[in-house]
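What the coordinates show
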Amino acid sequence: MWVKPEEVLLANALWVTERANPFFVLQRRKGYGGGGLTGLLVGTLDTVLDSKTPPYRILHQTPGSEVSYSVSIANNKVEIHKDWEWIEQNLMETLGAFENEEDATEFVKCKIESMFTHENEEREVDEEVENYKTSTRKFMKLFNMPREEKLVNQYSCSLWKNNIPRQGWMYLSVNHLCFYSFLMGKEAKVIIRWTDITKLVKGNNMLFPESIKMSTREGEFVFSMLLHSSETFRLMEQLANMAMKQLMQEGGFEEDKTIVDRTKKRTPKRMSSIKRDLDARARSDAFRSAFCLPLEEKLDGDTECLLWTPYNKQHIWGRLYLSSSYICFASRVDIVEQPTVTSQRHVRKRKLRREHAIIEGQVRDLLTVVIPLREVVLVEKVDNAASGELGTDSLVVTTKGKHNFIFSQLPVREFILQKLSDFLSRVEDPSDKSLSRQNSSVDSANNSPDEIQFQPALVSVFHRRNSDELSAKETVKEHLWNVHFSEFGRGVCMYRTHKTQELILQGLPEKFRGEIWMLFSGAINEMATNKGYYRNMVEQSLGKYTLASDEIERDLHRSLPEHPAFQSDLGIGALRRVLTAYAWRNPTIGYCQAMNIVTSVLLLYVSEEEAFWLLTSICERLLPDYYNTKVVGALIDQQVFEDLINENLPALHQKLEVLGLLTMISLSWFLTIFLSVMPFNCAVSILDCFFYDGARVIFQVALTILDNKQAELLDAKEEGEAMTILSSYLENVTNKDSTMPHIVHTNTMCSGLSEKKEPSVDVAELIDDSYRKYGHISNQDIDKLRLKYRLHVVQHIEDSTKRNVLRSVQTHTLFKGKELEDLFRLFKEEYLTSCYWRTSQQPADMGDKFDPSRPYYEMYKVDFEQFKTMYLSLSPWASGSRAGHLALRTFKFLDDNKDNMVNFKEFVYVLGVICKGDITQKIKLLYLLHQLSPHELEDMPASSPVSPSKPENPESAVEAADYFDSDTSSVDVLQDEISLPGDPVLDEEEESEVKEESRQDTSTEDKTQIAATAESNQDVNKADILGAEGGGSQIVGSGPCGDEGLDVVQKSAEEVTIEKETELHEKLKKMYAKKKELNRSDSKAEFKDVPRMSQAQFIDLWRTLYDMFTENKQEQELYHSIASVGTLLLEMGEVGKKFYLQKSVSESSTGENSSPGMDSLTEEVDQLKVEPTKSLSDLDESKMKEETSSSPTEKPQPDEGSSSVSRNSYSKPDSDWSISFEQLVASLLTEQPLVTYFENHEDVSEAVSKMRNRRLITRQSGHFPEKKK
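Predicted, not measured: the structure shown is a model, and the values here were computed from it. (Residues numbered from 1 in each chain as written. Predicted model: local features only at pLDDT ≥ 70, side-chain atom pairs only at ≥ 80, totals over all residues. Heavy atoms only, no water.)

Description of helix α36 (residues 883-894)
Going by this rule: The numbering of helices and of strands both runs from the N terminus, where a helix is a DSSP run of H or I of at least 4 residues and a strand a run of E of at least 2. Helices are assigned an expected span. That span is 1.5 Å times one less than the residue count. Accessibility here uses a 1.4 Å probe with only protein chains present; expressed as a share of the type maximum, an area under 20% marks a residue as buried, one over 50% as exposed, and anything in between as partly exposed.
When the terminal C-alpha atoms of α36 are compared, their 17 Å separation across 12 residues agrees well with the 16 Å that a helix rising 1.5 Å per residue should span. For α36, a buried count of 11 out of 12 residues is recorded, marking the element as mostly surrounded by other parts of the structure. Along α36, the positions that sit buried rather than exposed are A883, G884, H885, L886, A887, L888, R889, T890, F891, K892 and L894.

Okay, structure coming up:
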């Protein structure tokens, strides 16, 4: 790649010259290729200094000058040699004509600059894209990752092992953390799935400076960062947090395609699009949390500006945030004075002085504004000359309520105006959006005799009060709020200041409670943009039975039963509709028992539809993951609460830990937001603050309760006494300002209260104390602690799930202990791989992973490609070219429900039989696998029994086989270039030729093997017969190797027939003895209801057996035994055919009745003298001819030297021929090599370990492979 010429003073430092001419030198950086101590040191230096210097360059230099100029750089030899050849062909002849070296240098500089400019204009490739592609290519090559794995970023770091650092590179991808080091001739690799991480902490001590400590179930890893430690830890924490959410929800990473447009002006160069995506997600999460916006909102951009506040006639400095549906503003510093034209520099200085105070928490936000674009009617800019006191570069936003919001000193006013114009043009009218929903429900509404009537706030129905009945305090509260509304505005666009918080802390008047809950929780935005949604959900869920609806019905009358509203059908009906509609909206959460208590209190103060959207805000935004099946969010906040107690009340934390009280109090308090542990007219005051300030209010109040009772709790002797202390305290919390009538609280926790009367505590004082003592705890602090403890909680749930799965399958498999655990870990990883990389589409009816109605082993399922990968890597039967075909048979045998998925129980069952079963179990499994009909095997979408040597999926069978080869093959795999998006590919003609050649090679190989097997079987049988008579035959080689070295003494046909008849008699006697032994054994039930095997199935089974013995140590003995048994069974089936056909059609085809009696078989042997013998080799050859002749691209070759008449007579399998399972087992037991093979037990732990670590390939060379062209 041509570069702009720059001076290079030390041309030979750290570089080696590979080519040179009078005007140019081509150099390679030491440490790339070559070797020696110097190269190792230079490579180490580049790694430590985070240097990305290209390893090749071309310099222009003249003999009379010590200064050189760089003209070209490249990452591989191919590119640099291309530039070198261009120089020699186009410049050398011209440069030779120059007499002055300075003129030659100027000519070169001008020429290269023109080449550089022309090349950039043609390519227009962003530098960040090239760097990211290079890093991605290296990442995939080093760790054998597929294209679906997205690299986020890479950092230089050290991995500490045995207190010794190994300097290298950390690669952070969406699903893995990888580390690679190649220093001083030694290579180190680490691959860690984010889902395996149990702990992630950042440390800074003498031994590990700027370190990050990561723990998994298998060990600990310490990475010491030299640069970017904070950024790296933040990114690692974000990726680990995403992985934990994926474990719970089983979702893959979906890249946001709009991220480039939204972050183009913000992000620095050389940042990957995935890194941009993750940074933008983090910023959008903070944006939504700060302004309580819907989950689908994404931050588009932000900038500093001033907002004119009419209530005090001043400008407030802050930041303007834009999204596709909202304009938001948050102040950052105190009110600034009216700026003049020359005061802008002073304002910015003052802002900078305040930044440190903001970070330290000394300055609170003074003002926030949320302006939905649905409320905006006009956005216009104000001319600087006419703006006057409004400031410079101003925009005026006018809302439907006739309020004007003036933003000034906007650095990019034109750009913001254009953005707002685009957003406003896309804003839909909510009434139009709900029109389709209303129309879709018209028919159902007309058909129903009584239309559903939604209830208003139940307080207005069951607890009406006239203005004369209001207390003085309630009247004062209403007056204060009316004044506040008149001064700061009312509705979603109001100015939210510190005065708003002060009023909320004093308690909300019942008249405005529902309105303010909707406003500050953000539920008002979701309801406004989804008009008619609730009615649609109610109508859809009406009359539908689900598991959630059954639980809801059981809890309806347990929801605030002391209130008269829920002693009537009006309140119960509204509660039922809200809970059922939300369970219908969000089946992942469905229904949790605490939701009925929260919803019942909401229905008292807001309408039915508003209660639905408030519940949605609580479950999905304010308390995320609290109410799912495993209450993950509540368990995480329980750990956060313990951390806060330890930090603020360390002595009490130690005491509560001893008593084991922390888990009991935190879950009951948090899940119901104190509604179940104190009188609800007191708890609603906590709800007031909760909807305004978020989750931190719950922690503040909980810490204050423990702090107030700390002395008594420290003196408690046992758990019950401590619970009594807390229960008594909470029961006596009162609300002096409440207008509700006194209702006895029916809290079950208070059933064992002591007779001692606790002094009452006003809830207003409790809330005020919580803000004074623990107001320093922010929602940002809570979010950071949630990130910290999510790993621990989710991994604890996964460990519990693993134990339940293993317990549920241990009676269905022969694997035990560590082997079973290793198989579960591998099976789970393959399942998660499909979720991460979308290698398979999970069925639509998978349901909730933690649905209690599903068996534990149904949580994880794999498709055929994943099953085949594991089968070919773990099964001892997976050898030869038909291994993929046997894997398909096994998969279809297990797939009883025809969903093309296999669960963990089915997988370990069949693998347990293959690896640990006795000989009868293994033979029966093989027998049943080959009973499948052809149409069953063909019914496999997007899968076929192809040879494992040509996989299409990166996770298919041969990948595992390739990675388990020797070190040499590993080097070859590493040095092959991984194809990336944008790399050269074969055109259609070349690709079709390659496929055709590979298909012909596979078919020819299969054909050759079958033919060789058939010939060897025939020769072996002849040799056995002659050997039995002592005819002087000697077998030098047998099996599929052909008939080389086989010396057979030829005899007449009559002698061969006599000898063969004698041999058959002997084998029949052995088989009959084995059969009687089997019938006497306890395994007689194994043969019951097993169907007979046809000739085509038998031939297919024998082809499988020949493949299974490939590369076995006793290969020759096994081929000899299988040939003998196969020939015997073919002759037995031929003899028994006539006897079996005489049976009655109604007679059972299983058990002893299905097999011809031994005496009858003996009588039928005489008929062999007058019939040609049908051997296994004949049938194998005939089946092979039948298969190959059906292929249009191959022509059957005549087999010279064989009897064509005899073979053509068996062109198709005999449909009347069959054998029983008993005959198969008895025959196989007569051959000791086969008995030894099937009685062998395999340990899969080593194979599982190899498969899990198949990406950890070490290379043996000292240089990194170059990019191919």
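Digging into the pairing of strand β7 (residues 164-173)
Successive residues of a regular strand alternate their side chains across the two faces of the sheet. As a reminder of what qualifies: Two strands make a pair as long as DSSP finds a minimum of two bridges between them.
With seven of its 10 residues buried, β7 lies for the most part within the structure. Note that strand β6 (residues 151-161) and β7 share 10 bridges and pair antiparallel. By the bridge assignment for β7, N153 is matched with L172. Once β6 ends, the chain turns through two residues before running back antiparallel as β7, passing N162 with a positive phi of about 55°. Note that β7 and strand β8 (residues 176-183) share four bridges and pair antiparallel. Bridge pairing in β8 places W169 opposite Y180.

A look at the pattern of salt bridges
Applicable threshold: What counts as a salt bridge is simple: a side-chain nitrogen of Lys or Arg found within 4 Å of a carboxyl oxygen of Asp or Glu.
Throughout the structure, instances matching the rule amount to 41 salt bridges. The partner of E608 in a salt bridge is R577, and the shortest N-O contact between them spans 2.6 Å. With E608 in helix α24 (residues 608-622) and R577 in helix α22 (residues 569-585), this residue pair connects regions lying 31 residues apart in the sequence. With respect to burial, E608 and R577 carry one shared label: buried. A salt bridge links K861 to D899, with the nearest nitrogen and oxygen atoms 3.4 Å apart. Here D899 lies in the loop between α36 and β24 (902-903) and K861 lies in strand β23 (residues 861-862), a separation of 38 residues in the sequence. Here K861 falls in the buried class, since its relative accessible area comes to 10%. When its relative accessible area of 23% is taken as the criterion, D899 is described as partly exposed. The structure contains a network of salt bridges with shared partners spanning K802, K818, E821, D822 and R825.

Regarding the sheet that holds strand β11 (residues 211-216)
Keep this limit in mind: Helix axes are fitted only over the stretch in contact, all axes being lines through C-alpha atoms; the angle between N-to-C directions runs from 0 to 180 degrees.
Taken together, the seven strands give an open sheet; going across it, the order is β9-β8-β7-β6-β12-β11-β10, and neighbouring strands pair in antiparallel fashion. Each end of this open sheet is capped by a strand with a single partner; those strands are β9 (186-193) and β10 (197-203). Across the sheet, the mean angle from the axis of one strand to that of its neighbour is 30°, orientation sign disregarded. Pairing geometry for β8 and β9, over eight bridges, is antiparallel. Bridge pairing in β9 places L183 opposite K186.

Quick word on the environment of D643
Quick reminder of the rule: Only heavy atoms enter the contact rule, under which two residues are in contact if any of them lie within 4.5 Å. Here a polar contact is recorded for every N or O atom pair within 3.5 Å, except that within protein the pair must consist of a potential hydrogen donor and a potential acceptor, and residues adjacent in sequence are included only if both atoms are side-chain atoms.
Along the polypeptide, D643 turns up in helix α25 (residues 632-648). Put simply, D643 and H653 are 10 residues apart on the chain and 8.8 Å apart in space, counted from C-alpha to C-alpha. Not counting residues within four places of it along the chain, the set of residues in contact with D643 comprises L785, K788 and Y789. A polar atom in the side chain of D643 sits 2.5 Å from the side chain of Y789.

Let's talk about the sheet that holds strand β1 (residues 2-8)
What the five strands build is an open sheet, ordered β1-β5-β4-β3-β2; its pairing is antiparallel. At either end of the open sheet lies a strand with only one pairing partner, and these are β1 and β2 (15-20). Across the sheet, the mean angle from the axis of one strand to that of its neighbour is 30°, orientation sign disregarded. Examined bridge by bridge, β2 and strand β3 (residues 24-29) share five bridges and lie antiparallel to one another. Residue A20 lies in a different strand from β3, and its bridge partner there is V25.

Comments concerning the packing of helix α27 (residues 662-671) against helix α29 (residues 696-708)
Let me state the cut-off plainly: For classification purposes, angles smaller than 35 degrees are called roughly parallel, those larger than 145 roughly antiparallel, those between 65 and 115 roughly perpendicular, and all remaining angles oblique. Crossing handedness follows the turn of the near helix against the far one: under a right angle anticlockwise gives a left-handed crossing, and clockwise gives a right-handed one. Each residue gets one label: Ala, Val, Leu, Ile, Met, Phe, Trp, Tyr, Cys and Pro are nonpolar, Asp, Glu, Lys and Arg are charged, and the others, such as Gly, are polar.
The contact between α27 and α29 brings their axes to 11 Å, and the two run at 135°. Between α27 and α29, the angle falls in the class oblique. The way α27 lies across α29 gives a crossing that is right-handed. Between α27, through I665, W669 and F670, and α29, the contact on the second element is made entirely by I698, F699, A702, I705 and L706. Looking at the contact of α27 with α29 residue by residue, the classes come out as eight nonpolar, no polar and no charged.

Observations concerning the side chain of K828
With respect to the element layout, K828 can be found in helix α34 (residues 817-837). Other than its neighbours up to four places away in sequence, K828 contacts L247, E798 and Y860.

Concerning the nonpolar core
Where we set the bar: Residues belong to one nonpolar core when they are buried, are Ala, Val, Leu, Ile, Met, Phe, Trp, Tyr or Cys, and are joined through side-chain atoms within 4.5 Å.
F407, Y627, W669, L706 and W1102 are the most contacted members of the largest nonpolar core, which has 258 residues in total. The next biggest cluster of nonpolar side chains, apart from the first, holds 18 residues, and it includes L26, A74, W84 and L91.

Focus on the confidence of the model for the protein
Going by this rule: pLDDT is defined as a per-residue confidence score from the predictor, taking values between 0 and 100.
Here the protein shows a mean pLDDT of 74. Residues at 70 or above account for 67%. Per-element confidence in the protein ranges from a low mean pLDDT of 32 for helix α40 (residues 957-963) to a high of 95 for α24. Contacts for the low-pLDDT stretch residues 334-364, under 50 throughout, to residues beyond four places or in other chains number 37 contacts.

With respect to helix α31 (residues 719-731)
End to end, α31 covers 18 Å across 13 residues, agreeing with the expected 18 Å (1.5 Å per residue, within 8%). Where α31 is concerned, the buried positions are A722, M723, I725, L726, S727, S728, Y729 and L730.

Describing unusual backbone geometry
Negative phi values dominate among residues other than glycine, just as trans dominates among peptide bonds. Even without being glycine, L560 reaches a positive phi, approximately 50°. Among the structural elements, L560 can be located in the loop between α21 (547-555) and α22. For D625, which is not a glycine, the phi torsion comes out positive at approximately 65°.

Things to note about the packing of aromatic side chains
Put simply, the rule reads: Planes of paired rings set the category: under 30 degrees apart is stacked, over 60 is edge-to-face and the rest tilted, where pairs are Phe, Tyr or Trp rings (Trp by its six-membered ring) whose centres lie within 6.5 Å. A ring is considered to have a charge above it if a Lys NZ or an Arg CZ atom is located within 6 Å of its centre and within 35 degrees of its normal.
Counted according to the given criterion, the structure contains 45 aromatic pairs. Ring geometry for F98 versus F107: centroids 5.5 Å apart, planes at 40°, classification tilted. For F98, a relative accessible area of 31% translates into the label partly exposed. On the accessibility criterion, F107 (26% relative accessible area) is partly exposed. With centroids separated by 5.1 Å and ring planes inclined at 80°, the aromatic side chains of F612 and W613 adopt a geometry described as edge-to-face. By relative accessible area, F612 is classed as buried at 0%. W613 sits in the buried class, given a relative accessible area of 1%. The rings of F824, F827, Y831, Y860, F864, F867, Y871, F891, F904 and F907 are connected pair by pair, giving a single aromatic cluster. Of note, R57 hangs over the ring of W15, and the distance from its end group to the ring centre comes to 4.0 Å.

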